[in-house]
Amino acid sequence: MQVVGISASVVVGTLLLVALWALRRRLHARELELARKAEELAASRAAEQRLGEELAEARRAEEEARRARDEAVTASRSKSAFLANMSHELRTPLNSILGFAQLVERDPSLADRHRENLAVICKSGEHLLGLVNDILEMAKIEAGRMTLVDAEFDLHDTLSGLSEMFAVEAQKRGLTLTVEREQDVPRHVSGDEGKLRQVLINLLGNALKFTPRGSVTLRASARRSAGVREGGVREGGAHDGAAAGRVRVSFEVTDTGRGMATAELAQLFEAFAQTATGRQSREGTGLGLHISRRIVRMMGGDIRVESQVGRGTTLRFDVRLSLADAPAGGATPRALRAVGLSPDQPRYRVLVVDDRWDVRHCLLKLLDSVGVEARSATNGLGAVAQWETWAPHLVLLDLRMPLLDGYETASRIKASARGHETVVVAMTASAFEQNRALAAEAGCDDFVSKPFRDADILGLLTKHLGARFEYEERAAEPGAAQGAPAVDLARAAAGLPAALRKDLRRAATRLDAKAVQATLDRFRPEDADLAGAVAELARGYRFDSILALSSADEEEPS
């Protein structure tokens, strides 16, 4: 019994030890689990803290982005206001320079030497205006404010005008300028003539500038593509000419100049980028081709270039235009200067409203020179008062004026029944086309940008009032009625010594009337008739005819 009792106590003790050991194991495992959970909790709290920090950082970044957006919007508005002010401040004096130059040019008693000086002023003013327009066009592109303004125009007349514009420059450089127009090119179209001219002027100007000898050619053609897509639009963006009255006109400018390397073509259309030839010329802003490509793309096309060093360059582009009907009564002669109203015309009254004396004076002189009765006002309040008492047929209204601006003035005039019978034309020196829309909303019937030309103002009278003008008589073109004398003149000039013909050509190439006269004096005793005939050409600024008197092998690069 004692042995059994001892064995039982041993077993009980052993069981207790086992139980204690198991309990200790469980406690240890529990401690480990608690420690692990404590670590997880600490990690979770750390992650939560990091998430809080990231959220705070995200909120700070969002706030900074919002602040940056607000600053960008403010900067954009400030830039737009600056550009509007700069456009007005730059274009307004240019309007006076070019306007008064045109007034002086209308004086028939102007001496030849003064006319030469005036030509320099006009050319320099146009060049400065071109540079200003390049910068402002670039700014409008960046601001997304460049828009197209559709209006009917004579495409044939536009091409002829470009030929006349660059003829003197081509002759000065001893180059042959050719403008070729295929028979399928429509005459009367609708589109943005100003921007199309801007592109062509840029391409022709570059071609002449970088061509030391040879020729520059502008070719125009038209086509109507097939394969109508949805909405009447054809593949490639062309429109159905028969259904929608649309046509795609292609232009190509080819020169025999220095050409460009393949590596330079990649940067040709980049803003402010110039090729090696362009940098050597030290002319231009490097914006012309960049702006031209943007304009062409807006008009539904693109510019493509091919060039070889030493062989020349060709730039091609096409644009979409709408077909238009021929204007009633025929087109106004663009190259001729109006000298007065045609007989049996009413006495037209025009009110000029502008806060600048030079603009008012220039317009009043122009209108008076063609027999149009004109008065002026310096602000909108004066304009409304003059309109009520004088009842003008047409009001030329500046949009930026003190006391009462042009928009409010137009609204007040158009608010009455009598005001609807008055033609109100908005004038502005601003670069942004949005002013055109705002002026139309205010009730303006038309819009003209400063600087404007004589033909722009007189064209408004023809368009809105039906005014007809008498134009100066133009001398017969060489080769027409004077064809036979021109041949005789060439034969007579061929008998001159080679040195005299060379000097005569050099003087005509430089458009130097004094040098031409000095050369004529050298052979006047031997051939007074020839000297007199050439002197008459020089007085008429027919340097192209004088250049034709020399053989091609005598020309020198200028």
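Reading the values: rules and limits
- Residues numbered from 1 in each chain as written.
- Predicted model: local features only at pLDDT ≥ 70, side-chain atom pairs only at ≥ 80, totals over all residues.
- Heavy atoms only, no water.
- Core = buried A, V, L, I, M, F, W, Y, C linked by side-chain atoms within 4.5 Å.
- Buried < 20%, exposed > 50% of the residue type's maximum accessible area, 1.4 Å probe, protein only.
- Helix = DSSP H or I, 4+ residues; strand = E, 2+ residues; numbered from the N terminus.
- Contact = heavy atoms within 4.5 Å.
- Pairing = 2+ DSSP bridges.
- Axes fitted to C-alpha atoms, helices over the stretch in contact; angles between N-to-C directions.
- Phe/Tyr/Trp six-rings, centres within 6.5 Å; stacked < 30°, edge-to-face > 60°.
- Lys NZ or Arg CZ within 6 Å of the ring centre and 35° of its normal.
- Arc of directions from axis to C-beta.
- Polar contact = N/O pair within 3.5 Å; in protein donor to acceptor, adjacent residues only side chain to side chain.
- pLDDT = per-residue confidence, 0-100.
- Patch = residues over 30% accessible without salt bridge, like charges linked within 9 Å, V, L, I, M, F, W, Y side chains within 5 Å.
- Areas by Shrake-Rupley, 256 points an atom, 1.4 Å probe, with all protein chains shown as cover.
- Salt bridge = Lys/Arg side-chain N within 4 Å of Asp/Glu carboxyl O.

Structural notes on the nonpolar core
Then, number 1: In this structure, L155, L196, F251, F317 and L321 are the most contacted members of the largest nonpolar core, which totals 35 residues.
Then, number 2: Going through the elements one at a time, α3 (155-172), α4 (193-209), β4 (215-223), β5 (246-255), α8 (288-298) and β7 (312-323) are the ones with two or more residues in this core.
Then, number 3: When residues in this core are grouped by element, the largest group, 7 residues, is from α4.
Then, number 4: If we ignore the near neighbours within four places in the chain, the residues touching L196 are F153, L155, F251, M299, F317 and V319.
Then, number 5: Listed in part, the 26 residues of the second largest apolar core include L367, L396, V425 and L461.

Brief notes about the sheet that holds strand β9 (residues 349-353)
Then, number 1: Strands sit in the order β10-β9-β11-β12-β13 across an open sheet of 5 strands; the sheet is parallel. Every other strand in the sheet has two partners, leaving β10 (373-377) and β13 (446-449) as the edge strands with one partner each. Between one strand and the next, the sheet's axes are offset by a mean angle of 20 degrees, whatever the strand orientation.
Then, number 2: Direction of pairing for strand β12 (residues 423-428) relative to β13: parallel, over a ladder of 4 bridges. By the bridge assignment for β13, M427 is matched with V448.

Quick look at the packing of aromatic side chains
Then, number 1: With the rule as written, the count across this model stands at 1 aromatic pair.
Then, number 2: Centre to centre, the rings of F251 and F317 are 5.2 Å apart; their planes meet at 25 degrees, and the pair counts as stacked. Residue F251 is located in strand β5, and its partner F317 is located in strand β7; the two are separated by 66 residues in the primary sequence. Of the two residues, F251 and F317, both sit in the buried class.
Then, number 3: The side chain of R418 reaches across the aromatic face of W387, ending 4.2 Å from its centre.

Section: helix α11 (residues 406-414)
Then, number 1: The complete set of buried residues in α11 reads G406, T409, A410, I413 and K414. On an axial view of α11, the arc spanned by its buried residues comes to 120 degrees, and they lie on one face.
Then, number 2: At the N-terminal end of α11, a side-chain oxygen is found 3.2 Å from the backbone nitrogen of Y407, two or three residues along, and the residue is D405.

What about the pairing of β5?
Then, number 1: With 8 of 10 residues buried, β5 is to be regarded as a mostly interior element.
Then, number 2: Sheet analysis places β4 next to β5, joined by 8 bridges and oriented antiparallel. Bridged to T217 within β5 is T254.
Then, number 3: Note: β5 against β7, 10 bridges, orientation antiparallel. Bridge pairing in β7 links V247 to L321.

Here we look at the confidence of the model for the chain
Then, number 1: Per-residue pLDDT for the chain averages 75, and the proportion of residues at 70 or more is 73%.
Then, number 2: Of all helices and strands in the chain, the one with the weakest mean pLDDT is helix α5 (residues 241-244) (42), whereas β9 scores best (93).
Then, number 3: For the stretch residues 278-286, pLDDT sits under 50, and the model shows 18 contacts to residues farther than four places along the chain or on other chains.
Then, number 4: Predicted confidence is poor over residues 551-558, with pLDDT under 50, and the contacts of this stretch with residues over four places away or in other chains come to 14 contacts.

Some words on a nonpolar patch on the surface
Then, number 1: Together, L17, L20, L23 and L27 line one region of the surface with nonpolar side chains, adding up to about 410 Å² of accessible area.
Then, number 2: Taking relative accessible area as the criterion, L20 reaches 53% and is therefore assigned exposed.

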